[in-house]
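Here's the letter readout for the chains.
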Amino acid sequence: LEKAHEYLADARRIAEENHDELGLAEYHMNACFVASMAGDPGEAVTHDEETVRLGQQTGVSRIQLMGMVRRATNYVALLDWERAIPAVESALEEATEAGHEEAVATVRFSGTATIEYLKGDLLRSLQEGEESVAILDRYGSFFLGMAHHLVGSCHFELGNLEEALSQFVDVVRVSKAKGQLFNAASGSSSMALVYATVGLHDPIPQLVSEAEEQIRGPLGEFLASTVLADIGFVRLLLEEPE
């Protein structure tokens, strides 16, 4: 991350010195990504707003759309509903009009499905999530593992434990295939939680160990809170409340 910030600073300086608005937009798109991976959605959404503004200013719809998609995702991550809900709606409208199927699926999973999950409408969240997973899988999306995790979480909350476990296995499978070990951690920790819930303790130590090791690795802070929460509930179910 330290090296990434050095390159980002160079990119911004060169773009500004040359009055390169498209270059500056690309800087903000990548700065958003780095901030998200570093666990700072507040900084990320600031870059998203600039990406949208520059996309509109230059008339480059691809940049504007990507900024809108990420802006919606990060406002949801911040639980800033006043901004998140209209951001999700506008991103969906823009992506639909552009015929960008992957962008639509990304917003449905990270926006609509996540909002419904947090509101407690698990059935609608599950429907949105499952439909999004099918599309994201076709595109080999970066977000596929995270979408599987949302679907698994819905099944877990609904008591569909076999389906939940299957989805969490897919989180690990997809994430490892993409080299996203930081994301695989959430699958491992959630699998441990399912096993703890049904009283099958043998697989738990290995899964917890894998998850803890992965969040200490590159970009581990991105989903660390989810992983640590799972492990906390696992410990509670194992009667280790400390």
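This one's a predicted model, so the numbers in the text were calculated from it and none came from an experiment.

Rules of the game
- Residues numbered from 1 in each chain as written.
- Predicted model: local features only at pLDDT ≥ 70, side-chain atom pairs only at ≥ 80, totals over all residues.
- Heavy atoms only, no water.
- 1 Å grid on protein atoms, 1.4 Å probe; cavity = no way out; pocket = protein on both sides within 12 Å on 5 of 7 lines; lining within 4 Å.
- Points joined across faces, edges and corners; volume = space filled by probe spheres on them.
- Helix = DSSP H or I, 4+ residues; strand = E, 2+ residues; numbered from the N terminus.
- Nonpolar A, V, L, I, M, F, W, Y, C, P; charged D, E, K, R; others polar.
- Axes fitted to C-alpha atoms, helices over the stretch in contact; angles between N-to-C directions.
- Parallel < 35°, antiparallel > 145°, perpendicular 65-115°, else oblique.
- Left-handed = near helix turned anticlockwise from the far one by under 90°.
- Contact = heavy atoms within 4.5 Å.
- Patch = residues over 30% accessible without salt bridge, like charges linked within 9 Å, V, L, I, M, F, W, Y side chains within 5 Å.
- Areas by Shrake-Rupley, 256 points an atom, 1.4 Å probe, with all protein chains shown as cover.
- Salt bridge = Lys/Arg side-chain N within 4 Å of Asp/Glu carboxyl O.
- Polar contact = N/O pair within 3.5 Å; in protein donor to acceptor, adjacent residues only side chain to side chain.

Draft legend 1. Looking closely at the layout of surface pockets. Considering only enclosed or pocket space, the largest pocket measures out at about 1400 Å³ in volume. Put simply, the parts of the chain that give the lining of the largest pocket at least two residues each are helix H2 (21–37), helix H4 (61–77), helix H6 (101–119), helix H8 (144–158), helix H10 (181–198) and helix H12 (224–237). For the lining of the largest pocket, the element with the most residues is H6, which contributes 8 residues. By residue class, the composition of the lining of the largest pocket is 25 nonpolar, 16 polar and 5 charged.

Draft legend 2. How the structure looks around the packing of helix H1 (residues 2–17) against H2. In contact at an axis separation of 9 Å, H1 and H2 are set at 160° when each is read in the N-to-C sense. With respect to H2, the element H1 is oriented roughly antiparallel. Crossing handedness for the pair H1 and H2: left-handed. Along its contact with H1, which presents Ala4, His5, Leu8, Arg12, Ala15 and Glu16, the element H2 presents Gly23, Leu24, Tyr27, His28, Asn30, Ala31 and Val34. Within the contact of H1 with H2, the residues separate by chemical class into 7 nonpolar, 4 polar and 2 charged.

Draft legend 3. Summary view of a nonpolar patch on the surface. On the surface, a nonpolar cluster with roughly 360 Å² of combined accessible area is contributed by Leu79, Trp81, Ile85 and Leu118. Structurally, the position occupied by leucine 79 is in the loop between H4 and helix H5 (81–98).

Draft legend 4. Molecular detail of the side chain of serine 110. With respect to the secondary-structure elements, serine 110 resides in helix H6. A polar contact of 2.7 Å, which involves the side chain of serine 110, links it to the backbone oxygen of threonine 106. Among residues more than four places away in sequence, those in contact with serine 110 are Thr73 and Val76.

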